Amino acid sequence: MNPFLLYNRRLLIALVQALLIALALWLALALRYDVPLPPAVNIQWQQLVPVALVLKIVLFYVCGLFRGWWRYISLDDLLVLLRGNLLASLALALGVRLAGTRLGLSPALPLAVLLLDGLLCFLLMTAVRVLTRLFRERYYPHADVASQQPVRLLLAGAGRAGQAIARELRFSRQPGYQLVGFVDDDEAKQKTSFQGVAVLGRCDELPQLCQRYDITQVIIAIPSAQRQQIRRLVELCRSARVTSKILPSVSELIDGSVSVNLVKDVALEDLLGRQPVRLDTAGIAACLRDQVVFVSGAGGSIGSELCRQIARFAPARLILFENAETPLFAIEQELVQRFPRVPIVPVLGDIRYRARVEAIFDEQMPQVVFHAAAYKHVPMVECNPAEAVNNNIRGTQVLAETSSRFGVDRFVMISTDKAVNPTSIMGATKRVAEQLVQALARRSRTCFVTVRFGNVLGSNGSVVPIFKEQIARGGPVTVTHPEVTRFFMTIPEATQLVLQAAAMGQGGEIFLLDMGEPMKVLHLAEELIRLSGKVPYREIAIQYTGLRPGEKLYEELLLAAEGVKSTPHEKICIAAGVCAQDENLLLLQVEQLYSAARRLDLTAVVEGLRQLVPEFKSERMGPCRYRPQPVRPIDAGTAGGGIEG
């Protein structure tokens, strides 16, 4: 704010408060002695006003009553106002009693007058502030464009989040929005109002209410809502032919704050979300706070979100290790801006180069390592098996052995459900990487753990970005097989559970994340088409292409020989009874695999993976077994399939 305007504003506040102080004292005397004031009492008032002005204005300034904006007055501000008036009234009473004669004041002023003065001064100051807020909210002209048709809003959810949105909308100077009311299923909230806005009915009545009140947009303000509830509300909005937006889930509202700026379009993640993740923040903080944390693959979808989540726990230093310059630059800039107190160290490097990895460890001495770097795209890896072996297996071995050598406290490897009974090169290489980490865990002081989970929505190359791009082009949306199913979870949910598992690990475990029920990927495509405002099969065609190389109809999280052990966290369990082979034989077979990869003997690479992972079933047809198949359309009544996440 301009210093001149700030000075004038404070001067105006001082003048108004001086008038209120004088008026409160006069009213106190009038209530005690009646109107008009007797001459002697009027003289008392004239004598006492200067003293009251000096004492109260000084104490009001000390108590902070000259700061803040009256238009935003809250209960906290009223408490400050009450404290300031109590102190000022006490000071005035003591001054009159102890030094009244010395100052030329009449000592006969009744105590009741001083008490009334304090009460009236508080009430007058409160009234001025409240009236200012009411005027600004109700009658102050907004910068609306006269010809603009306002967006008539209905808030689904009259809880704390909905009330926060209503309160902010009343303060908002953004043009074109008019809040009409709430809908809520809570019987106790029916026929009530919050923030001056009425609860118009239940959620099931939304279509009728939208028509009756000419609603154009509904905001779903229930951060704790489950998938079924959100889907029901979205369907009701569709039937009412109004647009719908949503507040992020509780897990995304990390700091608990709710704002209109957080309102977003309903996304597929919202419809597929489950209950918010319960985190043992104390346990995670004990694992990460004041620790030097190293994240490989820091520029990727999972790696970058891990960095964001880790930075919340105030590590001593966060090392971003990435071999792609642009993603590394992007995540480093974001973290520096969002977490200015966390030292960020961006490092360009490759986990396959032992000398580079050891040099970084020697310089930075990380205490916790999260290994998220990997080649993950199934068809791409299928065409490049030698590189997959070199990156996913050898890179993991280099990073794990270096961590053990430098005394890292905790090493967490990110694995995948595709490592279970793999049919792809990617899955097989990740399974071998799991074996190497488990073998090292048996003889190292470093706590090595593995976290295995399925597809994450919105990650690079996953179904959501691909489907969105296809929809934006007008279709068709391509899926692979009528019956293909996948496990899904959101990126924030996956990374939060990874941190939780990391804090729980004792060494050697393979943690499994609760992925919920698998679902057909066709349903995702249909939902995305609807969310884009289109009708599946009518406006956007859906076609399928057949399974790509290495893909399965469904994924698994457990091998046949593995059982499950529960953990204190309801969404995390441990794969029990994993029978790791002799480490010397494992390392010998791995070296033979590296030798085949260096020779680019792809047949030997596949055979080497089969030796290491007996459950691996591959039907290679040469350097790349991908064979494009004719695209066949799906009729409106045909069951659908999916595309690899």
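Above this note sits the structure.
Residues numbered from 1 in each chain as written. Predicted model: local features only at pLDDT ≥ 70, side-chain atom pairs only at ≥ 80, totals over all residues. Heavy atoms only, no water.

## Examining the overall build of the protein chain
When its secondary structure is counted, the protein chain shows 20 helices and 23 strands. Within the span of the protein chain, comprising 645 residues, buried residues form 51% of the whole. Looking at the protein chain alone, contacts between residues at least 24 apart form 77% of all its contacts between residues at least 6 apart. Of the roughly 30,200 Å² that the protein chain leaves accessible, carbon and sulfur atoms contribute 56%. (Helix = DSSP H or I, 4+ residues; strand = E, 2+ residues; numbered from the N terminus. Buried < 20%, exposed > 50% of the residue type's maximum accessible area, 1.4 Å probe, protein only. Contact = heavy atoms within 4.5 Å. Areas by Shrake-Rupley, 256 points an atom, 1.4 Å probe, with all protein chains shown as cover.)

## Concerning the packing of aromatic side chains
Using the criterion set out here, one finds five aromatic pairs in the structure. With centroids separated by 5.1 Å and ring planes inclined at 50°, the aromatic side chains of Phe294 and Phe361 adopt a geometry described as tilted. Pair noted here: Phe294 is in strand E8 (residues 292-296) and Phe361 is in helix H12 (residues 354-364), with a separation of 67 residues, a long-range link. Among the residues examined, Phe361 registers a relative accessible area of 0% and is labelled buried. Taken together, the aromatic side chains of Phe294, Phe321, Phe361 and Phe406 make up a single cluster linked through ring pairs. (Phe/Tyr/Trp six-rings, centres within 6.5 Å; stacked < 30°, edge-to-face > 60°.)

## Examining the pattern of salt bridges
Summed over all chains, the structure comprises 20 salt bridges. Its salt-bridge partner being Glu434, residue Arg431 comes within 2.7 Å of it at the nearest N-O pair. With Arg431 and Glu434 both in helix H15 (residues 425-441) and three residues apart, this pair spans about one turn of that helix. Judged by its relative accessible area of 5%, Arg431 falls in the buried class. On the basis of relative accessibility, which here comes to 0%, the residue Glu434 falls in the buried class. Between Glu583 and Arg443 there is a salt bridge, and its shortest N-O distance comes to 2.8 Å. Taken together, the residues Glu583 in helix H19 (residues 583-598) and Arg443 in the loop between H15 and strand E13 (447-453) connect sequence positions 140 residues apart. A residue is classified by how much of its surface remains accessible, and Glu583, at 17% relative accessible area, is buried. Under the relative-accessibility criterion, Arg443 is labelled exposed at 53%. (Salt bridge = Lys/Arg side-chain N within 4 Å of Asp/Glu carboxyl O.)

## Notes on helix H11 (residues 325-338)
Compared with the 20 Å implied by 1.5 Å per residue over 14 residues, the 20 Å span of H11 between its first and last C-alpha is a close match. All buried positions along H11 are accounted for by Leu328, Ile331, Glu332 and Leu335. Axial view of H11: buried residues confined to an arc of 105°, hence all on one face. Of the exposed residues in H11, those oriented more than 90 degrees away from the buried face are Thr326, Phe329 and Gln337. (Expected span 1.5 Å × (residues − 1). Arc of directions from axis to C-beta.)

## Notes on the pairing of strand E12 (residues 410-416)
By the criterion of burial, E12 is predominantly enclosed, with seven of the seven residues buried. Where strand E11 (residues 368-371) meets E12, four bridges bridge the pair, whose relative direction is parallel. Each residue of the ladder has a partner; that of Phe370, found in E12, is Val412. The sheet contact formed by E12 and E13 spans seven bridges and is parallel. Of the residues in E13, the one forming a bridge with Ser415 is Arg452. (Pairing = 2+ DSSP bridges.)

## A short note on a nonpolar patch on the surface
A cluster of nonpolar side chains, namely Val54, Val58, Tyr61 and Val62, defines an oily patch on the protein surface of about 430 Å² accessible area. Relative to the elements of secondary structure, Val62 occurs in helix H2 (residues 39-62). Classification of Val62 as exposed rests on a relative accessible area of 60%. (Patch = residues over 30% accessible without salt bridge, like charges linked within 9 Å, V, L, I, M, F, W, Y side chains within 5 Å.)

## Some remarks on empty space enclosed by the protein
Enumeration over the complete set of coordinates arrives at four cavities of 30 Å³ or more. The volume enclosed by the second largest cavity comes to roughly 80 Å³. A per-class count over the lining of the second largest cavity returns six nonpolar, two polar and three charged. (1 Å grid on protein atoms, 1.4 Å probe; cavity = no way out; pocket = protein on both sides within 12 Å on 5 of 7 lines; lining within 4 Å. Points joined across faces, edges and corners; volume = space filled by probe spheres on them. Nonpolar A, V, L, I, M, F, W, Y, C, P; charged D, E, K, R; others polar.)

## Focus on the packing of H19 against helix H20 (residues 602-612)
Across the interface, H19 lies against H20 with an axial gap of 8 Å and an inter-helix angle of 165°. Accordingly, the angle class assigned to the pair H19 and H20 is roughly antiparallel. By crossing handedness, the relation of H19 to H20 is classed as left-handed. Packed against H19, whose contacting residues are Leu586, Gln589, Val590, Gln592, Leu593, Ala596 and Ala597, the element H20 presents Ala604, Val605, Gly608, Leu609, Gln611 and Leu612 at the interface. In terms of residue class, the contact of H19 with H20 is made up of nine nonpolar, four polar and no charged. (Axes fitted to C-alpha atoms, helices over the stretch in contact; angles between N-to-C directions. Parallel < 35°, antiparallel > 145°, perpendicular 65-115°, else oblique. Left-handed = near helix turned anticlockwise from the far one by under 90°.)

## As for the pairing of strand E6 (residues 243-246)
Burial along E6 is one-sided: Ser244 and Ile246 are buried, while Thr243 and Lys245, pointing the other way, are not. Strand direction decides the pairing type here: strand E5 (residues 217-220) and E6, joined by four bridges, are parallel. Within E6, the position partnered with Ile220 by the bridge is Ile246. Handedness of the crossover is the feature at issue here: the chain leaves E5, passes through helix H7 (residues 227-240), returns alongside E6, and the resulting connection is right-handed. (Right-handed = clockwise from strand over helix to strand, strands pointing away.)

## A closer look at unusual backbone geometry
Phi at Asp214 is positive, roughly 55°, even though this residue is not glycine. Looking at the secondary structure, you find Asp214 in the loop between helix H6 (206-212) and E5. On the basis of relative accessible area, Asp214 is assigned to the partly exposed category, the value being 47%. Here the phi dihedral of Met365 falls at roughly 50°; this positive angle occurs in a residue that is not glycine. The topology assignment puts Met365 in the loop between H12 and E11. Taking the relative accessible area as the measure of exposure, Met365 reaches 41% and is therefore partly exposed.

## Section: the nonpolar core
Ranked by size, the top nonpolar core spans 40 residues in total, and within it Leu288, Ile310, Leu318, Leu320, Leu335 and Phe370 carry the most contacts. Of the residues forming this core, the biggest block, seven residues, is contributed by helix H17 (residues 491-504). Every residue in contact with Ile310, bar those within four places of it in the chain, is listed here: Leu288, Val293, Val295, Pro315, Leu318, Phe370 and Leu499. (Core = buried A, V, L, I, M, F, W, Y, C linked by side-chain atoms within 4.5 Å.)

## Side note on the environment of Gly474
Tracing the backbone shows Gly474 in the loop between helix H16 (463-472) and strand E15 (477-479). Separated by 60 residues in sequence, Gly474 and Lys534 place their C-alpha atoms 9.7 Å apart. Once you skip the residues sitting within four places of it in the chain, Gly474 turns out to touch Glu539 and Ile540.

## Describing the side chain of Gln364
Relative to the helices and strands, Gln364 is located in helix H12. There is a polar contact of 2.8 Å between the side chain of Gln364 and the side chain of Arg317. Once you skip the residues sitting within four places of it in the chain, Gln364 turns out to touch Val292, Arg317, Ile319 and Val345. (Polar contact = N/O pair within 3.5 Å; in protein donor to acceptor, adjacent residues only side chain to side chain.)

## Comments concerning the environment of Lys430
Mapped onto the elements, Lys430 comes out in helix H15. Taking C-alpha positions, Lys430 is 5.6 Å from Ala419, a pair spaced 11 residues apart along the chain. Sequence-distant contacts of Lys430, defined by excluding residues within four places in its chain, comprise Ala374, Asn392, Met413, Ile414, Ser415, Thr416 and Ala419.

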